Amino acid sequence: MARPLLIWLALLCASLTFTACAGIRLELVHVDARANRTVAERVRRATERTHRRLASMGEATAPVRWVETQYIAEYLIGDPPQRAEAIIDTGSNLIWTQCAGCRPAGCFSQNLSIFDPSRSRTAQPVACNGTACALGSETRCSRNRSACDVLTAYGAGAIAGVLGTEVFTFGSQNASLAFGCVTASRLTPGSLDGASGIIGLGRGALSLVSQLGDTKFSYCLTPYFSDAANTSRLFVGASAGLSAGAPATSVPFVKNPTDDLFGTFYFLPLAGITVGKTKLDVPAAAFDLRQVAPGQWAGTLIDSGSPFTSLVGVAYQALRAELARQLGASLVPPPARSGLDLCVAQGDAGKLVPPLVLHFGGGGGGGSSASDVVVPAENYWAPVDDTTACMVVFSSARPNATLPINETTIIGNYMQQNMHLLYDLGNGVLSFQPADCSAM
């Protein structure tokens with residue numbers, strides 16, 4: 001017999017199956033690992049994703065949404081279970097998968113069979129007057145008030161369907177969740193890289209973390225160019241935690257604005273950047289969370305769905321100038337049509353490129369002390385062909401960029417490689433711990 005709707009809506013661990021309360025552990029696979037692509041192809045694809053993401057953000061419903069993201073997790077849905085895959089995204093809330101019954105012109109290509117709720121004993125629709133239908137901006141009552149519709153716009157297009165409830169199985173743990181059963185979409189071809197949908201890890205009530213009633217999650221991303229067999233990891237709930245005894249840097253989250261869509265993201269109090277031993281002459285206000293237009297906010301956020309980091313224009317120009325000064329005659333021309341700027345001979349990158357230090361403040365609360373995160377050269381420079389390595393940090397003030405994205409700094413997932421990141425939502429803190437993510 002299907003479980004009552006209350007189970008799906010309560011944001012308490014007691015409302016979920018016992019195994020979910022023990023914590024969820026998921027393996028994440030980089031989208032390029034399966035295709036046996038060369039290093040140069042991976043960098044080119046990540047660069048193109050970053051540019052398309054930035055180009056589309058000004059047109060999207062929210063300032064940061066996925067366009068083509070990076071890490072995919074496999075899970076099971078329904079009873080009996082059906083296989084599904086999802087992009088992991090800290091920049092959105094909704095959990096959704098493509099469902100049988102999608103219109104031929106509105107289906108997107110995916111690697112696995114499309115989920116068929118009619119084959120599951122536990123699939124249930126959410127009613128228009130159900131509590132879950134009022135939990136986020138992604139849902140609304142249908143016109144005839146017979147169901148709860150899902151309708152969400154992203155940088156890559158839009159998806160539509162109905163809100164339902166279902167049993168999700170992550171490894172050996174399972175949980176009862178509200179999700180979008182998508183039957184119509186208009187997405188940029190290839191934007192999901194063969195995945196069936198998205199698992200949102202944002203701050204909203206419909207995200208995986210919120211529905212589980214958990215207050216923390218963590219992930220550790222293996223390097224882009226490591227052996228494809230070395231998968232990354234995502235931990236939710238009791239399984240999320242840093243290694244004992246290893247040094248970590250903790251940074252408070254900035255309090256989110258109340259404007260609906262901007263409440264999803266994880267804003268950080270970045271205050272400055274040091275290159276080697278030289279601190280950039282960039283005012284801290286360039287990174288601050290601030291209102292740049294009615295209902296529009298810019299600042300610094302961390303995002304699992306952005307491949308490369310993008311800096312607000314004044315910071316990018318300062319970074320570029322200082323690196324050019326320090327590297328001097330070691331700089332070489334970038335490969336043709338690469339879209340990259342500063343480059344050195346690949347064998348020199350590890351010896352010549354200085355580390356970055358990201359200086360974080362107290363998040364606007366009571367004069368808290370600053371915290372520093374060291375970014376090694378391999379987390380912001382990349383090999384782009386057999387002979388050349390280039391900086392893979394970009395300016396958010398690109399041609400045709402509009403508010404708020406042209407005033408926003410995004411710390412992308414390439415800069416997060418071999419860092420165990422713990423999102424402690426209960427205490428309002430993000431912790432960075434250097435790690436060998438392939439060994440976790």
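In this text, all values refer to a predicted model and were calculated from it rather than measured experimentally.

Our focus in this paragraph is the overall build of the chain. Of regular secondary structure, the chain possesses six helices and 29 strands. Taking the intrachain contacts of the chain between residues at least 6 apart in sequence as the baseline, contacts between residues at least 24 apart amount to 70%. When the accessible surface of the chain is split by element, carbon and sulfur atoms take 53% of a total near 17300 Å².

A few words now on the UniProt feature "active site" (unreviewed entry) in the chain. Summarizing the sequence annotation, UniProt attributes the feature "active site" (unreviewed entry) to Asp-89 and Asp-303 in the numbering used throughout. Spanning 215 residues, the named residues form one tight spatial group whose C-alpha atoms are at most 7.6 Å apart. We classify Asp-89 as buried; its relative accessible area is 0%. There is a polar contact of 2.9 Å between the side chain of Asp-89 and the side chain of Ser-92. For Asp-303, the side chain forms a polar contact with the side chain of Ser-306, separated by 2.7 Å.

Before going further, it helps to examine unusual backbone geometry. Of the consecutive residues Asp-79 and Pro-80, the connecting peptide bond is found in the cis state with omega at 0°. Tracing the backbone shows Pro-80 in the loop between strand E2 (71-77) and strand E3 (82-89). Cis geometry is adopted by the peptide bond preceding Pro-404, which originates at Leu-403 and carries an omega value of 0°. Inspection of the secondary structure puts Pro-404 in the loop between strand E26 (393-395) and strand E27 (409-411). Non-glycine residue Asp-193 carries a positive phi angle of around 50°. You can see Asp-193 is positioned in the loop between strand E9 (173-187) and strand E10 (197-200). One non-glycine residue, Asn-418, lies in positive phi territory at about 50°. By secondary structure assignment, the location of Asn-418 is in the loop between E27 and strand E28 (419-424).

With 15 residues, helix H5 (residues 313-327) extends 21 Å between its outermost C-alpha atoms, agreeing within 8% with the 21 Å of an ideal straight helix rising 1.5 Å per residue. Along H5, the residues that are buried comprise Gly-313, Ala-315, Tyr-316, Ala-318, Leu-319, Glu-322, Leu-323 and Leu-327. Directly after H5, the chain includes Gly-328, whose backbone phi takes a positive value near 50°.

With that settled, the discussion passes to the sheet that holds strand E14 (residues 270-275). Strand order across the open sheet formed by four strands is E15-E14-E22-E23, with antiparallel pairing between neighbours. Edge positions in the sheet fall to strand E15 (278-279) and strand E23 (371-375), since each has one partner strand and no second. Across five bridges, the pairing between E14 and strand E22 (residues 356-360) is antiparallel. Within E22, the residue paired with Val-275 across the bridge is Leu-356. Contacting E14, E15 and E22, H5 crosses the sheet at an angle of about 15° to E14.

Turning our attention to the environment of Phe-115. With respect to the helices and strands, the residue Phe-115 is situated in the loop between strand E4 (96-98) and strand E5 (124-125). Taking C-alpha positions, Phe-115 is 6.6 Å from Gln-82, a pair spaced 33 residues apart along the chain. Apart from residues lying up to four places away in sequence, Phe-115 is in contact with Ile-77, Gln-82, Thr-97, Gln-98, Cys-99, Ala-100, Glu-166 and Phe-179.

Attention shifts here to the packing of aromatic side chains. A complete count under the given rule lists 20 aromatic pairs for this structure. Judged by centre distance (5.4 Å) and plane angle (20°), the ring pair of Tyr-75 and Phe-168 falls under stacked. Separated by 93 residues along the polypeptide, Tyr-75 in strand E2 and Phe-168 in strand E8 (residues 157-170) bring together distant segments of the chain. As far as burial versus exposure is concerned, Tyr-75 and Phe-168 are alike and both buried. Through successive ring pairs, a cluster of aromatic residues spans Tyr-75, Phe-115, Phe-168, Phe-170 and Phe-179. Its end group placed over the ring of Phe-253, Arg-203 keeps NZ or CZ at 4.9 Å from the ring centre.

What follows is about the state of the cysteines. Applying the stated rule across the entire model yields six disulfides. Each disulfide pairs two cysteine sulfurs, and for Cys-128 the partner residue is Cys-141, the sulfurs being separated by 1.8 Å. Residues Cys-128 and Cys-141 are joined through a disulfide that is right-handed, its torsion about the S-S bond being 100°. Taken together, the positions of Cys-128 in the loop between E5 and strand E6 (139-141) and Cys-141 in strand E6 put the pair 13 residues apart, joining distant regions of the chain. In this structure Cys-141 comes out as partly exposed when scored by relative accessible area, which is 27%. The disulfide bridge from Cys-343 ends at Cys-390, spanning 2.0 Å between sulfur atoms. Around the S-S axis, the bridge from Cys-343 to Cys-390 shows a dihedral of about 100° and counts as right-handed. One end of the pair, Cys-343, is in strand E21 (residues 343-345); the other, Cys-390, is in strand E25 (residues 388-391), with 47 residues separating them in the sequence.

What counts and what doesn't
- Residues numbered from 1 in each chain as written.
- Predicted model: local features only at pLDDT ≥ 70, side-chain atom pairs only at ≥ 80, totals over all residues.
- Heavy atoms only, no water.
- Helix = DSSP H or I, 4+ residues; strand = E, 2+ residues; numbered from the N terminus.
- Contact = heavy atoms within 4.5 Å.
- Areas by Shrake-Rupley, 256 points an atom, 1.4 Å probe, with all protein chains shown as cover.
- UniProt positions renumbered as here; feature names shortened; annotations may be inferred.
- Buried < 20%, exposed > 50% of the residue type's maximum accessible area, 1.4 Å probe, protein only.
- Polar contact = N/O pair within 3.5 Å; in protein donor to acceptor, adjacent residues only side chain to side chain.
- Expected span 1.5 Å × (residues − 1).
- Pairing = 2+ DSSP bridges.
- Axes fitted to C-alpha atoms, helices over the stretch in contact; angles between N-to-C directions.
- Phe/Tyr/Trp six-rings, centres within 6.5 Å; stacked < 30°, edge-to-face > 60°.
- Lys NZ or Arg CZ within 6 Å of the ring centre and 35° of its normal.
- Disulfide = S-S within 2.5 Å.

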